[in-house]
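One letter stands for each residue in the lines below.
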Amino acid sequence: MSLSELWFILVAVLFIGFFFLEGFDFGVGMATRLLAKNDTEKRMLINSIGPFWDGNEVWLLTAGGAMFAAFPNWYATLFSGFYIPLVVLLLALIARGVAFEFRGKVGSDSWRKAWDISIFLGSFLPPFLLGVVFATLMKGMPIDGDMQMHAGFFDVVNPYSVVAGLSVVCLCIVHGLMFASLRTEGALRLRARELARKWLIPLAVLLVVLAALTFVSTDAFQTRGVILAIMAVVGAAAFVLAGYFMKQGREGWAFGMTGTVIALAVAAVFVALFPRVMVSSLGSAFDLTVYNAASGNYSLKVMTIVALSLLPFVLAYQIWSYFVFHKRIHEKTHLEY
Amino acid sequence: MDVLDLARLQYALTTIYHFFFVPVSIGLVLFVAIMETLYVVKKDENYKKMAKFWGKLFLINFAVGVVTGILQEFQFGMNWSDYSRFVGDVFGAPLAIEALFAFFLESTFIGLWIFGWDKLSKKVHLACIWLVVVGTTLSAFWILTANSFMQQPVGFSVQNGRAEMNDFLALITNPQLIYEFPHTVFGAYLTGAFVVAGICAIKMLGKKDAHLFKSSFSIAIVIGLISSLGVAFSGHSQAQHLVETQPMKMAAAEGIWETTPDKAPWALISGINVDGQKNSFELNLPIPGLLSYLSYGEFNGAVTGMKELNAQYNQQYGQGDYIPPVKTTFWSFRFMVASGGLLILLSLYGTYMALRRRVDKAPRWYWHCMKWAIALPFIANTSGWIMTEVGRQPWTVFGLMTTADSVSPNVSSGSVLFSIITFTAVYTLLGGVMVYLFVKEIKKGPSGEKEGLEQPHDPFEKEVAHVS
Ligand code: HEM
C-alpha cells in the first residue's frame, strides 16, 4: 500500500469518526426542537453534549486539515467547487457553536428562542449539506482538465443529493436521540427512546431510496458491487438490531448499532470512490484520484509519523472524557449551560 | 471589484476579526490557570471565585474564536485554491498538525474543565486548564509555522510544478518563526493582561468588589510588564531579521525610498508620497544613525531603499512592481510600536504600585487610562498583522508565488461577495452580542448580584451563591 492510499484511509477514518461523534450531537441539537417539552428538558439535552460537541467538531477540522496536507488538489477542488454550500455550512456551524455558550447567559425568553433557532438550524444544515456534497462527489461533478470544478445549481441540488442529505439528517436524529436516552434519566430518557423508534421508519424509507438512487446515479455498484452489497447487508442487520435493542430498552447497544449504520454509510462512500477522490462528469480522465491529488512522498511520510504518534493520545483522552461524564443527567442535576 | 480584490478583502476582514479573539483566549486562559493554581495551593475560595469569573469571560471569547477559526481553515481552499494546490504539500502539514495536536487538546480539556468542577479532583481539574494553556500555545506555534513559511519559505523544493516539502525540521526551525512565535505569543499574553487589568481598573473606579480585583490586577500588570518588554525585544530582533530576509517590507515600514547614507537617521513620522516615490517631509529624531542601529544593532550601515530594491527584484523575479502599499505598511508599523511604548509605560507604573502594595492608592487618572488602554493591544495586534501581510505584497509566499496567482480561478465574484456580506453580517451580530455579554458579566462581577439570583438560567450563579 502506498502512503497516499494510507492517507485516503486516514481521511476516511476521520470522516467516519466525525459523523459517528458529531452525528449524535447534531441529532441532540435537533432533538431540542423535536423532543424537548420545556426549557429544563432543552437544557438537559444541551448539557448532555456540553462537554463533547466541540471536541467532536474538531474531527471535521482535522479531516479538512488532513485533506489539505495529504491531498492538496482534492482540498482545493472541493472547497472552491462547493463554494456556496460551504458558506452556508460555515454560517450554520458558527451560529450553532456560539449558541451553546450564549443561550443560558441571559434570562429572557426571546433571547433563548433566538439561540434555540440557531441550535436547530446549526444542527440540521451541516449534516444535510455534507450529505449533499458527498453524494455529488460520487455522482460526478463537472471537473475540467485543470482540476477546476465549475458546478451549476442543479449539479449540486438534485433528487439524489437531496435524498442523501435528508438521509444523513435522519441518521443523525436517530443516533442523537439514542445518545440522549443514554445520557439522561427519567421521562426524557424514555421519550427519547420512543421517538428514536418512530424515526426508524422514515429513515428506513430514505436509506432504501438512497441505495436505489446510488445504483442508478453512480457507478458504485458496478465497480464495487460485492463489497458494497456486503456492507449494505451488515448495515441492514445493524439497523434491525438497533430497532430491537430500542424496544428492549438496551440503550447502549442500540446506540452502538445506530453508530454502526452511520460508520458503514460513510465508509461506503469511500469504498465506492476509491481510488478516485472526486469523480468528473466530463470524463474519467479528469477524475481526481488518490494518486494525482496527493502530496509528495516526503510530506506524506512526515504526516504519517505525526498522525500515528498523536492519534492514540487523542483517542485516549477523548475516551477518558466520555468516561468522566458517564453519569446520566436528571432534572435536578446542576446544569452548566 | 474583481475576484482577487474581493477575496483579499474577505481575507483581511475575517482574519483581523478572528485575531481579536485569539490573543484574548491565549492570554486569558493563562490567567485563569494562574488563578486556579493559587486556589489549589492557597486553598482560598476567593481565588476560585476569580478563576470562575475570568473563566466565564474566557469561554465567551473562546466560543467566538473557535467558530471564526473554522472559517479560516476553509478559506484557503475556497478563495485561494491555486495557492492551496501550489503550497499544500508544505503548508497543509502544519495546519493538519495544529488540528490534531492543539484543537483536540483545547476542546476536550475545556469541556472537562467547564463540566468537571465537581467530577474531578482539584489537581486533575487544575491540570485540565493547564493543558488548555498548552493547547492554545501549540496552536499558535503551528499556525505561525505555516505563516512563517509564507514570509521566508524554507524546507522545500519546487517539483512537479509546486512546492514540495523536503525538510520538516527546517520548516519548524524557520528563523522567521524563531522571532514571530515569541513576538506573537508575548503579544497575546500582553493582550490578556491588559484585558484583565482594564477590567480591574473599571472595578477599582466603581469600588464594588474592589478587594477581589486587587490581586488580579497585581498579577496581570506583572505579566503585562514582562510581556510588553518581551514584545519590544522580540519585535526589535524581528525587524533586524526582516532587513536581511524581506528588506522591501522593512524599507516600506520605515518609508525609505532612496538608499540611506551610512549613518541612517530614523524618522518618527514621514509624509509618504507614493506617486512621486518620495517623502514630502521627514521628522527625524536627533540621534545620528538610529535607523542603522535599529536595522543592524550598530550606529553604522546604509539601509537599502525601496527604489533600489525594486530594481533588484526586477532583475531577479522579472518585470513588475514589487513595492508594497507603503502608507499602510509605514503607519501600521508606527501604530504597533507606539502602542507598545504606551503599554510598557502603563505596565511600569502599575507594577511599581503593585510591588509597593499600593494598588488601592493608585490615582483615578491611572484607572481611567487603564480602562482605555484595553484598546491598545488590539490596535497593536491588528496593525502588526497588517504590516506583516500587507508589507509582503505582492507576494503570498515571498519570492515564490504572487497573490494574484493564488486566487481561485473557478469562483465568481458574486459568490465571494455573497460570502463577504453574510459573514460580515453574522460577525457584526456576534461582536455585538459578545460585547453585551462581556459587559453584563463584568457588571455582575465574581460575587454575583441580586439580579443574578433571579435568573435560574445562569448556572454559575447558583454555584457562586452556594459558595458565598
Ligand atoms: C514595541 C515595539 C514593537 C516592535 C519593534 C515590533 C516589531 C514588529 C515587526 C518588525 C513585525 C513584522 C514582522 C514580520 O513582518 O515578519 C511585527 C509584527 C507583529 N507584531 Fe509587533 N512590534 C512591537 C510591538 C508589538 C505589540 C505591543 C504587539 C501586540 C500586543 C505586537 C504584535 C504584533 C503581531 C501580532 C505581529 C504579526 C505577527 C508577526 O509577524 O510577528 N507588536 N512586530
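The structure under discussion appears in the preceding block.
Thresholds, definitions, all that
Residues numbered from 1 in each chain as written. Chains lettered and ligands numbered in written order. Predicted model: local features only at pLDDT ≥ 70, side-chain atom pairs only at ≥ 80, totals over all residues. Heavy atoms only, no water. Helix = DSSP H or I, 4+ residues; strand = E, 2+ residues; numbered from the N terminus. Rg over C-alpha atoms; globule rule 2.2 N^0.38 Å. Buried < 20%, exposed > 50% of the residue type's maximum accessible area, 1.4 Å probe, protein only. Lys, Arg positive; Asp, Glu negative; His and termini not counted. Charge placed at Lys NZ, Arg CZ, Asp CG, Glu CD. Contact = heavy atoms within 4.5 Å. Disulfide = S-S within 2.5 Å. Salt bridge = Lys/Arg side-chain N within 4 Å of Asp/Glu carboxyl O. Buried area = accessible area lost by both parts, 1.4 Å probe. Polar contact = N/O pair within 3.5 Å; in protein donor to acceptor, adjacent residues only side chain to side chain. Phe/Tyr/Trp six-rings, centres within 6.5 Å; stacked < 30°, edge-to-face > 60°. Lys NZ or Arg CZ within 6 Å of the ring centre and 35° of its normal. Near = heavy atom within 4 Å. Nonpolar A, V, L, I, M, F, W, Y, C, P; charged D, E, K, R; others polar. Donors = N, O, S within 2.8 Å, 3.2 Å for Na, K, Ca; no water. Tetrahedral: all angles 85-135°; square planar, octahedral: opposite > 155°, others 65-115°. Pairing = 2+ DSSP bridges. Axes fitted to C-alpha atoms, helices over the stretch in contact; angles between N-to-C directions. Parallel < 35°, antiparallel > 145°, perpendicular 65-115°, else oblique. Left-handed = near helix turned anticlockwise from the far one by under 90°. Expected span 1.5 Å × (residues − 1).

(A) Quick look at the overall build of chain B. Scanning chain B from terminus to terminus reveals 17 helices and six strands. Scaling as 2.2 N^0.38, a compact globule of 468 residues should have a C-alpha radius of gyration of about 23 Å, and chain B matches this with 24 Å. With respect to the principal axes defined by its C-alpha atoms, chain B has extents near 75 × 55 × 40 Å. When the 468 residues of chain B are sorted by exposure, 60% land in the buried category. Taken as two groups, the 34 positive and 34 negative side-chain charges of chain B have centres that lie 14 Å from each other.

(B) Structural context of the overall build of chain A. Helix and strand counts for chain A come out as 12 helices and two strands. Counted from the first residue to the last, chain A has its helices and strands arranged as α-α-α-α-α-α-α-α-α-α-α-β-β-α. The C-alpha atoms of chain A give 20 Å as radius of gyration, which agrees with the globular expectation for 337 residues (20 Å, within 12%). Counting only residues that meet the buried cut, chain A has 63% of its 337 residues in that class. Taking the contacts inside chain A whose residues are at least 6 apart along the sequence as the reference set, 78% of them involve residues at least 24 apart. Separation of charge centres in chain A, based on 24 positive and 20 negative side chains, amounts to 10 Å.

(C) Structural context of the state of the cysteines. Within the structure shown, the criterion is met by zero disulfides over all chains. The structure places no disulfide on C172(A), whose sulfur is separated from the nearest cysteine sulfur, that of C170(A), by 9.4 Å. Since its relative accessible area comes to 2%, C172(A) is described here as buried. Of the cysteine sulfurs around C369(B), a residue in no disulfide, the closest is that of C200(B), at 16 Å.

(D) Quick peek at the pattern of salt bridges. Residues and elements named next belong to chain A. Overall, the coordinates contain 24 salt bridges over all chains when judged by the stated rule. D39 is paired through a salt bridge with R112; the nearest N and O atoms lie 3.6 Å apart. One end of the pair, D39, is in helix α2 (residues 39-49); the other, R112, is in helix α6 (residues 109-139), and 73 residues separate them in sequence. By relative accessible area, R112 is classed as buried at 8%. Among the ionic pairs, E101 bridges to K105, the shortest N-O distance being 3.4 Å. The residues E101 and K105 share a single accessibility class, namely buried. Through salt bridges with shared partners, a single ionic network connects D39, K42, R103, D109, R112 and D116.

(E) How the structure looks around the side chain of E106(B). Its location among the elements puts E106(B) in helix α3 (residues 81-115). For the buried residue E106(B), which engages in no salt bridge, the nearest side chain bearing the opposite charge is R96(A), 16 Å off. The residues touching E106(B), leaving out its near neighbours within four places in the chain, are F62(B), V132(B), G135(B), T136(B) and S139(B).

(F) Spotlight on unusual backbone geometry. In the segment running from F274(A) into P275(A), the intervening peptide bond is cis, with an omega of 5°. Here P275(A) lies in the loop between α11 (251-273) and β1 (276-278). For the peptide bond that leads from Q393(B) to P394(B), omega is 10°, which places it in the cis range. With respect to the element layout, P394(B) can be found in the loop between α13 (375-390) and β5 (395-397).

(G) Looking closely at the interface of chain B and chain A. On the chain A side, the residues contacting the 78 residues of chain B number 73 residues. Interface area for chain B against chain A, summed over the two sides, is near 6,700 Å², with a carbon-plus-sulfur share of 73%. Seen at the junction of chain B and chain A, the total is zero salt bridges. At the boundary of chain B and chain A, one finds 18 residue pairs in polar contact (both at pLDDT 80 or more). Elements that contribute at least two residues to the side of chain B that touches chain A include exactly α2 (45-79), α3, β2 (162-165), α15 (413-444) and α17 (459-467) of chain B. When residues in the side of chain B that touches chain A are grouped by element, the largest group, 25 residues, is from α3(B).

(H) Representation of the packing of aromatic side chains in the model. If you walk through the whole model with that rule in mind, you get 71 aromatic pairs over all chains. Both rings, one in F31(B) and one in W54(B), keep their centres 5.8 Å apart while their planes meet at 90°; by these two values the pair is edge-to-face. Here the residue F31(B) occupies a position in helix α1 (residues 3-42), and W54(B) occupies one in helix α2, the gap between them amounting to 23 residues. Since its relative accessible area comes to 2%, F31(B) is described here as buried. Ring pairs connect the aromatic residues F8(A), F15(A), F18(A), F19(A), F26(A), F134(A), F270(A) and F274(A), which therefore count as one cluster. Lying over the aromatic face of F120(A), R33(A) brings its terminal NZ or CZ to 5.3 Å of the ring centre. One Lys or Arg, K52(B), reaches over the ring of W117(B) and ends 4.7 Å from the middle of that ring.

(I) Examining the site of the ligand more closely. Residues and elements named next belong to chain B. Contacts to the ligand come from 24 residues, most closely from Q176, H183, Q238, K249 and M336. One nitrogen or oxygen atom from the side chain of Q238 is found 3.0 Å from an oxygen atom belonging to the ligand. At 3.0 Å from an oxygen atom of the ligand is found a side-chain nitrogen or oxygen belonging to T388. Secondary-structure elements contributing two or more residues to the shell around the ligand are α6 (175-206), α7 (210-245), α11 (326-355) and α13. Tallied by class, the residues present in the shell around the ligand amount to 11 nonpolar, 11 polar and two charged.

(J) Up close: the environment of S216(B). Residues and elements named next belong to chain B. Following the sequence through the fold, S216 ends up in helix α7. On a C-alpha basis, the gap between S216 and S81 in space is 46 Å, while along the polypeptide they are 135 residues apart. Among residues more than four places away in sequence, those in contact with S216 are F31, M35, M50, W54, V196 and C200. Reaching out from S216, the side chain makes a polar contact with the side chain of W54 at a distance of 3.1 Å.

(K) Structural context of the coordination of the iron atom of the ligand. Residues and elements named next belong to chain B. Within the protein, the atoms that donate to the iron atom of the ligand are H183 (NE2) and M336 (SD), at distances of 2.0 to 2.1 Å. Around the iron atom of the ligand sit six donor atoms, and with donor-metal-donor angles ranging over 85 to 179° the site reads as octahedral. Of this pair, H183 sits in helix α6 while M336 sits in helix α11, and the two are 153 residues apart along the sequence.

(L) The pairing of β2(B), seen in detail. What you see with β2(B) is no split at all: R162(B) and E164(B) on one side and A163(B) and M165(B) on the other are buried throughout. Where strand β1 (residues 156-159) of chain B folds back onto β2(B) in an antiparallel hairpin, the turn is made up of two residues, including N160(B), whose phi is positive at roughly 50°.

(M) Up close: the packing of helix α1 (residues 3-34) of chain A against helix α12 (residues 297-324) of chain A. Residues and elements named next belong to chain A. For the pair α1 and α12, the least separation of the axes is 11 Å and the interaxial angle reads 25°. Accordingly, the angle class assigned to the pair α1 and α12 is roughly parallel. The hand of the α1/α12 crossing is left-handed. Each of L3, S4, L6, W7, L21 and F24 in α1 lies in contact with α12, whose residues at this interface are N297, L300, K301, M303, T304, A307, Q318 and Y322.

(N) Main features of helix α3 (residues 53-70) of chain A. Compared with an ideal rise of 1.5 Å per residue, which puts 18 residues at 26 Å, α3(A) spans 26 Å between its outermost C-alpha atoms and is within 8% of the ideal. Counting buried residues in α3(A) gives 18 out of 18 residues, a clear majority hidden from the surface.

(O) Quick look at the packing of α1(B) against α6(B). Residue and element names in this part refer to chain B. Running from amino to carboxyl end, α1 crosses α6 at an angle of 75°, the nearest separation of the two axes being 7 Å. Judged on the interaxial angle alone, α6 and α1 are roughly perpendicular. On the side of α1, the interface is formed by F19, P23, V24, I26, G27, L28, L30 and F31, while α6 contributes T184, A188, Y189, T191, G192, V195 and V196. Tallied by class, residues from the contact of α1 with α6 come to 11 nonpolar, four polar and no charged.

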